[in-house]
Amino acid sequence: MKQVQADYSKCLDNPNLTPEQMMEMLKEETKLAEMAAVKDKEIREHDEKIEEKVNAKDSEKRAFNWKLAGGASLALAVTIGIAASVLGGDFNFKLPTKKI
């Protein structure tokens, strides 16, 4: 795309061009710039969608990790409680809470 624009610019330097030819080349160069702007917008929108999907997956992964950590903590507390009751100990244990 940039090469085509550069070629148009070189052609415009030709002193033998008629004003009509120059206007036509400028119109074509403008069309190219508009096409490039549309394509850039499409690429940015696509990148934003990908970023949103990645962020959603990260959020899901963090939520899963918190659930997994909570389940593991509960299993550990139950295991310690059973062990303490089997050994005749007193079991008072508070689980940490998740800070938001």
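Predicted model, so just to flag it, every value in this text is computed and none were measured.

Definitions and limits used
Residues numbered from 1 in each chain as written. Predicted model: local features only at pLDDT ≥ 70, side-chain atom pairs only at ≥ 80, totals over all residues. Heavy atoms only, no water. Helix = DSSP H or I, 4+ residues; strand = E, 2+ residues; numbered from the N terminus. Rg over C-alpha atoms; globule rule 2.2 N^0.38 Å. Buried < 20%, exposed > 50% of the residue type's maximum accessible area, 1.4 Å probe, protein only. Areas by Shrake-Rupley, 256 points an atom, 1.4 Å probe, with all protein chains shown as cover. Lys, Arg positive; Asp, Glu negative; His and termini not counted. Charge placed at Lys NZ, Arg CZ, Asp CG, Glu CD. Contact = heavy atoms within 4.5 Å.

Asks: I tried to follow the overall build of the protein on my own but got confused; where do I start?
Replies: The secondary structure content of the protein amounts to 2 helices and 0 strands. Its C-alpha atoms give the protein a radius of gyration of 33 Å, more than 25% over the compact-globule value 13 Å for 100 residues. Oriented by its inertia axes, the alpha-carbon framework of the protein measures out at about 105 × 20 × 15 Å. Here the protein holds 100 residues, and the buried ones make up 9% of them. Of the roughly 8,900 Å² of accessible surface on the protein, 61% is carried by carbon and sulfur atoms. Each charge sign in the protein was given a centre, from 16 positive and 17 negative side chains, and these centres are 12 Å apart.

Asks: What exactly am I supposed to notice about the side chain of Glu-29 here?
Replies: Within the element layout of this structure, Glu-29 appears in helix α2 (residues 19-86). Excluding its chain neighbours within four sequence positions, the residues that come into contact with Glu-29 are Gln-5, Tyr-8, Ser-9 and Leu-12.

Asks: In this structure, what is going on with the environment of Lys-53? I would like to understand it.
Replies: By the element assignment, Lys-53 lies in helix α2. Looking at Lys-53, the relative accessible area reads 61%, which means it is exposed. For the pair Lys-53 and Ala-33, spaced 20 residues apart in sequence, the C-alpha to C-alpha distance is 30 Å.

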